[in-house]
Amino acid sequence: MKMNSPWARFYSNSCCLCCHVRTGTILLGVWYLIINSVVLLILLSALTDPDQYHLTSVELGGEFEFMDDANMCIATAISLLMILICAMATYGAYKQHAAWIIPFFCYQIFDFALNTLVAISVLVYPNTIQDYLRQLPANFPYKEEIMSVNPTCLVVIILLFISIILAFKGYLISCVWNCYRYINGRNNSDVLVYITTNDTAVSMLLDKTFKSLSSNEIL
């Protein structure tokens, strides 16, 4: 009896727009590369011209400064790391190297876990939303309109929005995982075909050698 894994029902070679999971992973990697490259350019321009992006506590209405030098350096390092991870995933999907996709898959799992924790915190501590809104600067767009919304409705809207994001991120995770399984399975199949072909060639060579020795003995 053939035993199938319970996760096999979620496996598919196609993703959104009916494209292959390899194509989807390549497009996803390129999209993340573009986003992180733009972020890196903004951060580098902010480092070269700090006065342009420097917002004091008076402008923000709080007791902290926005994007100081330490935070800018950390954000730049994270952007460089993300560009490397996305480039590895894109190259791995293109060249069919399954191991190169694992770092990007781990990042997706980490990002999904963080968003899940945010949803849980909103559900368990709904009053934190109002506290967060009060800490926003006075000139923040639509601050008064958002605070005038009923707190229960605001929590429901935020949870619905986060749920949609989680569902979309979960789908992207499944696409990358299916790409990894596809490439890994194809590489294993190529190895099996190579071994089977070599075994067949060796068997044919041994058979010819045996027949040749048998004919020599008869002569």
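Provided above is the structure to which this section pertains.
Quick summary incoming for the structure in this document. (Residues numbered from 1 in each chain as written. Predicted model: local features only at pLDDT ≥ 70, side-chain atom pairs only at ≥ 80, totals over all residues. Heavy atoms only, no water.)

### Section: the nonpolar core
Core analysis: the biggest nonpolar cluster contains 17 residues, and L28, I101, F104, C179 and I183 have the highest contact counts within it. Within the residue set of this core, elements represented by two or more residues are helix 1 (21–48), helix 4 (69–95) and helix 8 (151–218). Of the residues that make up this core, three or more belong to each of domain 1 (24–95) and domain 2 (98–192). Counting residues in hydrophobic clusters, the runner-up holds 7 residues, among them L133, L136, L154 and V155. (Core = buried A, V, L, I, M, F, W, Y, C linked by side-chain atoms within 4.5 Å. Buried < 20%, exposed > 50% of the residue type's maximum accessible area, 1.4 Å probe, protein only. Helix = DSSP H or I, 4+ residues; strand = E, 2+ residues; numbered from the N terminus. Domains from an automatic or database assignment.)

### With respect to empty space enclosed by the protein
Counted by the stated rule, this structure contains 1 cavity of 30 Å³ or more. If you add up the space inside the largest cavity, you get close to 50 Å³. If you trace the largest cavity, you find it lined by Y32, Y107, Q108, D111, K169, L172 and I173. Those elements that place two or more of their residues in the lining of the largest cavity are helix 5 (102–124) and helix 8. Of the residues belonging to the lining of the largest cavity, the class tally is 4 nonpolar, 1 polar and 2 charged. (1 Å grid on protein atoms, 1.4 Å probe; cavity = no way out; pocket = protein on both sides within 12 Å on 5 of 7 lines; lining within 4 Å. Points joined across faces, edges and corners; volume = space filled by probe spheres on them. Nonpolar A, V, L, I, M, F, W, Y, C, P; charged D, E, K, R; others polar.)

### Observations regarding helix 6 (residues 127–135)
Every buried residue of helix 6 is listed here: I129, Q130 and L133. The arc that holds every buried residue of helix 6, seen down its axis, measures 95 degrees, which confines them to one face. Facing away from the buried side of helix 6 by over 90 degrees, the exposed positions are N127, Y132 and Q135. (Arc of directions from axis to C-beta.)

### A look at the environment of K143
When you line up the elements, K143 lands in helix 7 (residues 143–147). Residue classification places K143 among the buried residues on the basis of a relative accessible area of 10%. C-alpha of K143 to C-alpha of L133: the two residues are 10 residues apart in sequence and 7.2 Å apart in space. Ignoring any residue separated from it by four or fewer positions in sequence, one finds K143 in contact with L133, R134, L136, P137 and A138. (Contact = heavy atoms within 4.5 Å.)

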